[in-house]
Amino acid sequence: MSDKLLTPIEIGLTAAIVAIEEHEPLVLTARGGDGLTGLPFGPFDAPSHRTFEIGLRAWVEEQAGLRLGYVEQLYTFGDRGRHAETGDTGAHMVSIGYLALTRAAEGTANAASFEPWYRFFPWEDWREAPPAIIARDIIPALTAWAEEETPETTRALPRKDRVRFYFGLEGASWDEERVLDRYELLYEAGLVEEARRDGRPAALARRTLPALGTSMRFDHRRILATGIARLRAKLKYRPVVFELLPAEFTLTELQYTVEAISGRHLHKQNFRRLVETEALVEPTGVMSTQTGGRPAALYRFRRDVLQERPAPGLRVRSRR
């Protein structure tokens, strides 16, 4: 048996808590002692919490005053150095990431507050048009980085192909689910602040580039990217969107919520035909007068659909 001392490991729980307000996707954030914005996180206390999820719900309610609804585990983030500081010789922090959905975007306690998630990923919001930051800043920098690649690369796909596939160039289509792929490509190329902070060689050569979105502490932007990608994918085969809506809603509110999450503009009539075909909602028989225009019919989620088929969701297609 080796006499080498083992590095102690601590388990943390990190939550990407999402809400929708005024047709904007928001994520709960907390500012740390280092002044950087991050996701809420806390330790797993084995004596007090029987499961990781119980622990997550408990400290989110204690720290932020929120009772979470839908919760699912994302991934275990344990990369070496992910939670370390210069000269730190303490325990290695492994974090279990979660995606949580809530209808309450107000009333948070302490220093927690909801912020638009496109503040952290401005290149992901295609609702109005392709974001200007892609053509202006991202593609020129990624192209220059891709041209530096040597033939000895060990990647299955060379840099140029990954740039083309992930950002929808040269005939490739934009895939809204590749949020994590795009962020990790920007990190690898040294184009985001986290890469500069971590001392990646590629980042040292690109110090003069403008900031690409708001950075987060540790690897929290990577965790958030994982959560956004998971939620965008789940829209298509699970009725998770209704976890973010009130019990009764108009079809316009439903469309705006799907657009907010997917970052894509949807054709109104095609969307309504899809909703009708999927039979996910049913009319309440009540009209809403809070639309600012003509009264609109109110609908609710039709829960029977969960027993009728295994993968009820909205397989939306954008106009682009």
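Criteria and cut-off values
- Residues numbered from 1 in each chain as written.
- Predicted model: local features only at pLDDT ≥ 70, side-chain atom pairs only at ≥ 80, totals over all residues.
- Heavy atoms only, no water.
- Helix = DSSP H or I, 4+ residues; strand = E, 2+ residues; numbered from the N terminus.
- Buried < 20%, exposed > 50% of the residue type's maximum accessible area, 1.4 Å probe, protein only.
- Contact = heavy atoms within 4.5 Å.
- Areas by Shrake-Rupley, 256 points an atom, 1.4 Å probe, with all protein chains shown as cover.
- Salt bridge = Lys/Arg side-chain N within 4 Å of Asp/Glu carboxyl O.
- Arc of directions from axis to C-beta.
- Axes fitted to C-alpha atoms, helices over the stretch in contact; angles between N-to-C directions.
- Parallel < 35°, antiparallel > 145°, perpendicular 65-115°, else oblique.
- Phe/Tyr/Trp six-rings, centres within 6.5 Å; stacked < 30°, edge-to-face > 60°.
- Expected span 1.5 Å × (residues − 1).
- Bend = angle between axes of the 7 residues up to and from the residue.
- Left-handed = near helix turned anticlockwise from the far one by under 90°.
- Nonpolar A, V, L, I, M, F, W, Y, C, P; charged D, E, K, R; others polar.

J.: Outline the overall build of the chain, supporting the account with residue identities and numerical values.
T.: Each helix and strand counted, the chain has ten helices and nine strands in total. Looking at the chain as a whole, 47% of its 320 residues qualify as buried. For the chain, long-range pairs separated by at least 24 residues make up 65% of all intrachain contacts whose partners lie at least 6 apart in sequence. On the chain, roughly 16800 Å² of surface is accessible, and the fraction owed to carbon and sulfur atoms is 49%.

J.: Can you explain the pattern of salt bridges? Please cite residues and give values.
T.: Enumeration over the complete set of coordinates arrives at 23 salt bridges. Among the ionic pairs, E124 bridges to R182, the shortest N-O distance being 2.7 Å. Of this pair, E124 sits in the loop between β7 (113-116) and α2 (132-147) while R182 sits in helix α4 (residues 179-188), and the two are 58 residues apart along the sequence. Overall, R182 belongs to the buried group, its relative accessible area being 0%. With a shortest N-O distance of 3.0 Å, R309 and E278 are connected by a salt bridge. Of this pair, R309 sits in the segment after α10 (305-308) while E278 is found in helix α9 (residues 268-278), placing the two residues 31 residues apart along the sequence.

J.: Before we move on, can you summarise the side chain of T102 with the specific residues and values?
T.: Among the secondary structure elements, T102 is positioned in the loop between β6 (92-101) and β7. Among the residues examined, T102 registers a relative accessible area of 6% and is labelled buried.

J.: An account of α9 is needed here, citing residue identities and associated values.
T.: Residues of α9 that are buried: F271, L274, V275 and E278. Summarising the axial view, the buried residues of α9 lie within an arc of 100°, below the 170-degree limit, and thus occupy one face. The outward face of α9, more than 90 degrees from its buried face, is lined by the exposed residues E276 and T277. Packing partners of the buried residues in α9 comprise α8 (251-262), β8 (281-288) and α10. Positioned one or two residues after α9, A279 has a phi angle of 55°, which is positive.

J.: Kindly report on the packing of α4 against helix α7 (residues 220-234), identifying the contributing residues and their values.
T.: Following both chains from N to C, one finds α4 and α7 inclined at 155°, their axes separated by 7 Å at the closest point. The angle between α4 and α7 falls in the class roughly antiparallel. Judged by residue contacts, V179, L180, R182, Y183 and E184 of α4 engage R221, R222, A225, T226, I228, A229 and R232 from α7.

J.: Explain the environment of W123 to me, using residue names and the numbers behind them.
T.: Structurally, W123 is set in the loop between β7 and α2. For the pair W123 and F167, spaced 44 residues apart in sequence, the C-alpha to C-alpha distance is 9.5 Å. Excluding anything up to four places from it in sequence, W123 contacts P131, I133, I134, I138, F167, W174, R182, L186, L212, G213 and R221.

J.: Break down the packing of aromatic side chains for me, with residues and values.
T.: If you walk through the whole model with that rule in mind, you get ten aromatic pairs. Judged by centre distance (4.6 Å) and plane angle (75°), the ring pair of F44 and F52 falls under edge-to-face. A centroid spacing of 5.7 Å and a plane angle of 35° characterise the contact between F242 and F249, whose relative ring orientation is tilted. Here F242 matches F249 in class, with each residue buried.

J.: Residue-level account of α2, with values.
T.: Relative to the 22 Å expected for 16 residues at 1.5 Å per residue, α2 spans 23 Å between its end C-alpha atoms, a close match to the ideal helical length. Along α2, the largest kink reaches about 40° and is centred on I138; proline P140 follows within four residues of it. Of the residues making up α2, those classed as buried are I133, I134, D137, I138, I139, A141, L142, W145 and A146. Looking at the packing, one finds that the buried side of α2 touches α3 (159-167) and α4.

J.: Any details on the environment of A16? Residues and values, ideally.
T.: On the secondary structure map, A16 appears in strand β1 (residues 9-21). Accessibility expressed as a relative area gives 0% for A16, which makes it buried. Sequence-wise, A16 and H220 are 204 residues apart; in three dimensions their C-alpha atoms are separated by 8.8 Å. Aside from chain neighbours lying at most four places away, what touches A16 is V27, L39, Y98, L99, A100 and L224.

J.: Quick one: what's the story with the packing of α3 against α4, residue by residue and with numbers?
T.: In the contact formed by α3 and α4, the axes pass within 10 Å of each other and the chain directions differ by 145°. As α3 runs across α4, the sense of the crossing is left-handed. Two secondary-structure elements touch here, α3 through R162, V163, Y166 and F167 and α4 through D181, R182, L185, L186 and E188. Classifying every residue of the contact of α3 with α4 gives five nonpolar, no polar and four charged.

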